[in-house]
Amino acid sequence: MKWLYRCPSCGSSYAIEPGRYLCEACGKKNAPGIPLQGVLECVWEGNFVPEASSPGLAVSASPAAALKDIPLPVESGFFPPLPVGNTPLWSPSRLRDALDAPGLWLKDDTCNPSGSYKDRASWLVAAFARKHGIKEIALASTGNAASSMACVGAAAGLKITVYLPKAAPAAKRVQVLQYGAELREVEGTYDLAFDQSLAYSRATGVLSRNTAYNPLTIEGKKTASFEIARDLGAWKGKPWAAPGHVFVPTGDGVIMAGVVKGFEDLLKLGRIDRMPVFWAAQAQGSSAIARALDSGVFEIRPSSTLADSISVDVPRNGSFALEKLKKHRGRGVQVSDQEILEAQKTLASLSGLFAEPSSACAFACWLKVRKSIPREEDVVVMLTGSGLKDIAFAARGIGCRL
Ligand SMILES: *Cc1c(COP(=O)(O)O)cnc(C)c1O
């Protein structure tokens with residue numbers, strides 16, 4: 001099997017090697033204030049043969065077990081030794097009963113090592129670094145990507161340099177420092193942090209894990225789709241099964257693009273026979289992708305939502321995610337911060353799963369549109385980050401003074 005980067009816009013392909021990020025031709029169209037152009041996709045040529053690994057190993061097991069049956073552009077032997085992914089698919093019976101929603105499933109990525117979905121991308125990027133003898137990775141983040149890369153870097157023995165806006169929630173900053181990464185605080189927004197970290201990577205040659213810019217961040221985030229199809233299949237007594245609908249909390253659109261790519265791979269491999277409907281769940285104050293789905297164009301506005309992980313002015317992976325959504329009848333939903341607060345409490349108190357605002361947004365979006373989905377269809381809500389990462393937000397929803 002041969003892996004390549006391919007540009008979805010012009011079809012150019014490139015070797016997957018250090019120093020390659022964007023498509024040479026389409027990357028020239030980049031300009032401030034628009035989504036990244038020339039974002040590359042990982043593709044393989046030839047037949048995929050799953051690597052042999054020990055069956056039946058659970059979450060704490062080796063990388064090889066977690067990656068079983070998932071085609072990835074880095075061999076499993078290079079993945080750092082920490083239990084990323086293989087997260088549970090909850091069948092929340094009390095919540096289902098309370099809301100009369102028998103087809104509701106929760107994909108619980110709060111139990112990744114650093115507490116968020118970002119570990120899936122960090123893990124693949126770290127494996128790539130190890131394969132190529134790279135010792136340092138730099139990135140910009142609103143918080144979770146930083147704490148995630150710092151966490152995975154600690155397990156892998158990599159130096160991690162993080163550019164983080166000063167306003168990032170305290171728990172995420174504390175995580176970064178506990179894991180031993182270098183923290184560079186930025187006086188400004190995530191967008192400024194993004195530019196500063198890229199300038200650092202370009203000047204030093206350090207590997208960039210900037211979301212969307214490094215195509216492996218998208219590919220790493222496809223892994224949850226394989227787990228969903230496998231675990232839903234297991235519930236139904238089949239090897240694989242696709243849900244009818246997947247709700248994805250969306251900021252830059254990297255998780256969304258990765259999740260869609262995962263199901264595209266599953267379809268290509270013949271493991272599923274239809275694509276789910278994908279719902280881009282966004283906060284009203286940061287909804288560029290949902291709005292572009294309606295209007296066809298990106299109109300950039302300054303973001304204003306308390307859901308920090310999905311608060312972006314310019315969705316970095318907006319163009320790539322939008323193409324994927326359009327191809328598969330994807331839809332956008334928006335909710336207010338108040339709806340997110342209420343949904344967070346509903347979810348926690350009726351299921352036992354305490355998720356951060358971005359994830360509560362996905363749940364809130366499902367609550368908003370669920371009547372339009374036939375009751376018996378399988379719906380997966382992706383819960384991407386732990387509620388403990390931002391207790392200042394959660395405290396507002398329950399009138400608790402900190
Ligand atoms: C980053 C993040 C998101 C949004 O992912 P994008 O790829 O930016 O759309 C959602 N939830 C959590 C917990 C995150 O950290």
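In the block above lies the structure referred to throughout.
Described below are features of the structure shown in this document. (Residues numbered from 1 in each chain as written. Predicted model: local features only at pLDDT ≥ 70, side-chain atom pairs only at ≥ 80, totals over all residues. Heavy atoms only, no water.)

**Some thoughts on empty space enclosed by the protein**
In the structure shown here, the tally under the stated rule is four cavities of 30 Å³ or more. Within this model, the largest cavity holds a volume of roughly 250 Å³. For the largest cavity, the lining is made up of 25 residues, of which Lys118, Lys221, Asp252, Ile255 and Ser309 are closest to its centre. Elements with a contribution of two residues or more to the lining of the largest cavity: α4 (144-156) and α9 (254-268). Looking at the lining of the largest cavity, its residues break down into nine nonpolar, 12 polar and four charged. In this structure, the second largest cavity spans a volume of roughly 60 Å³. (1 Å grid on protein atoms, 1.4 Å probe; cavity = no way out; pocket = protein on both sides within 12 Å on 5 of 7 lines; lining within 4 Å. Points joined across faces, edges and corners; volume = space filled by probe spheres on them. Helix = DSSP H or I, 4+ residues; strand = E, 2+ residues; numbered from the N terminus. Nonpolar A, V, L, I, M, F, W, Y, C, P; charged D, E, K, R; others polar.)

**Concerning the nonpolar core**
Membership of the largest hydrophobic core comes to 97 residues, with the highest contact counts inside it found for Val259, Phe263 and Phe278. Per-element accounting of this core gives the leading share, eight residues, to α9. Setting aside residues up to four positions removed in sequence, Val259 forms contacts with Tyr117, Lys221, Lys222, Ser225, Val246, Val248, Phe278 and Met382. Formed by 34 residues, the second largest nonpolar core is a distinct cluster that contains Leu95, Leu106, Leu347 and Ala355. (Core = buried A, V, L, I, M, F, W, Y, C linked by side-chain atoms within 4.5 Å. Buried < 20%, exposed > 50% of the residue type's maximum accessible area, 1.4 Å probe, protein only. Contact = heavy atoms within 4.5 Å.)

**Comments concerning the site of the ligand**
Neighbouring residues of the ligand: 16 residues in total, closest Lys118, Asn144, Gly251, Gly253 and Thr384. Here an oxygen atom of the ligand sits 2.9 Å away from a polar atom, N or O, in the main chain of Asp252. Taking 380 Å² as the accessible area of the ligand by itself, protein coverage stands at 98%. Applying the majority rule of atoms within 2 Å of the grid points places the ligand in the largest cavity. (Near = heavy atom within 4 Å. Polar contact = N/O pair within 3.5 Å; in protein donor to acceptor, adjacent residues only side chain to side chain. Areas by Shrake-Rupley, 256 points an atom, 1.4 Å probe, with all protein chains shown as cover. Sits in = over half its atoms within 2 Å of the grid points.)

**Observations concerning the sheet that holds strand β9 (residues 207-208)**
Spatially, the four strands line up as an open sheet ordered β8-β7-β6-β9, and their pairing is parallel. What marks the edges here is a single partner per strand, and that holds for β8 (182-186) and β9. Of the strand pairs in this sheet, strand β6 (residues 136-140) and β9 are connected by two bridges, and their pairing is parallel. Residue Ala138 lies in a different strand from β9, and its bridge partner there is Ser208. Contacting β7 (159-165) and β8, helix α5 (residues 170-178) runs over the sheet at an angle of about 150 degrees to β8. The strands touched by helix α6 (residues 190-204) within the sheet are β6, β7, β8 and β9, with β6 carrying the most contacts at an inclination of about 155 degrees. (Pairing = 2+ DSSP bridges. Axes fitted to C-alpha atoms, helices over the stretch in contact; angles between N-to-C directions.)

**A short note on the side chain of Thr142**
The topology assignment puts Thr142 in the loop between β6 and α4. Judged by its relative accessible area of 16%, Thr142 is buried. The contact partners of Thr142, leaving out residues within four places of it in the chain, are Leu164, Pro165, Ala168, Pro169, Tyr190, Asp308, Ser309 and Ser311.

**Describing the packing of helix α12 (residues 337-351) against helix α13 (residues 357-369)**
The geometry of α12 relative to α13 is characterised by a closest axis approach of 8 Å and an angle of 90 degrees between their N-to-C directions. The orientation of α12 relative to α13 falls into the category roughly perpendicular. Contacts between α12 and α13 involve Glu339, Ile340, Ala343, Gln344, Thr346 and Leu347 from the former and Pro357, Ala360, Cys361, Phe363, Ala364, Leu367 and Lys368 from the latter. In the contact of α12 with α13, the residues fall into nine nonpolar, two polar and two charged. (Parallel < 35°, antiparallel > 145°, perpendicular 65-115°, else oblique.)

**Looking at the sheet that holds strand β12 (residues 331-335)**
Read across the open sheet, the six strands follow the order β4-β5-β13-β10-β11-β12; overall the sheet is mixed. Unpaired on one side and paired on the other, β4 (89-90) and β12 mark the two borders of the sheet. Lying over the sheet, helix α10 (residues 288-295) contacts β11 (277-283) and β12, oriented at roughly 135 degrees with respect to β12.

**Here we look at helix α11 (residues 318-327)**
All buried positions along α11 are accounted for by Gly318, Phe320, Ala321, Leu322, Lys324 and Leu325. As for α11, its buried residues are in contact with β3 (41-45), α7 (215-220), α9, β11 and α10. Downstream of α11 by a residue or two, Arg329 has a phi angle that is positive, lying close to 55 degrees.

**Thoughts on unusual backbone geometry**
Positive phi, close to 55 degrees, is recorded for Asn86, a residue that is not glycine. Topologically, Asn86 is positioned in the loop between α1 (63-66) and β4. Look at Arg329: it is not a glycine, yet its phi comes out positive at around 55 degrees. Mapped onto the fold, Arg329 is located in the loop between α11 and β12.

**So, the pattern of salt bridges**
As a working rule, side chains carrying opposite charge can pair if their charged atoms are close by. The tally for this structure, following the rule as stated, stands at 29 salt bridges. Here Lys131 makes a salt bridge to Glu75, at a shortest N to O gap of 3.0 Å. Separated by 56 residues along the polypeptide, Lys131 in helix α3 (residues 119-131) and Glu75 in the loop between α1 and β4 bring together distant segments of the chain. According to the relative accessible area criterion, Lys131 is partly exposed, its value standing at 32%. Close ionic contact of Glu299 with Arg291 constitutes a salt bridge, the shortest N to O distance being 2.9 Å. What makes Glu299 partly exposed here is its relative accessible area of 40%. (Salt bridge = Lys/Arg side-chain N within 4 Å of Asp/Glu carboxyl O.)

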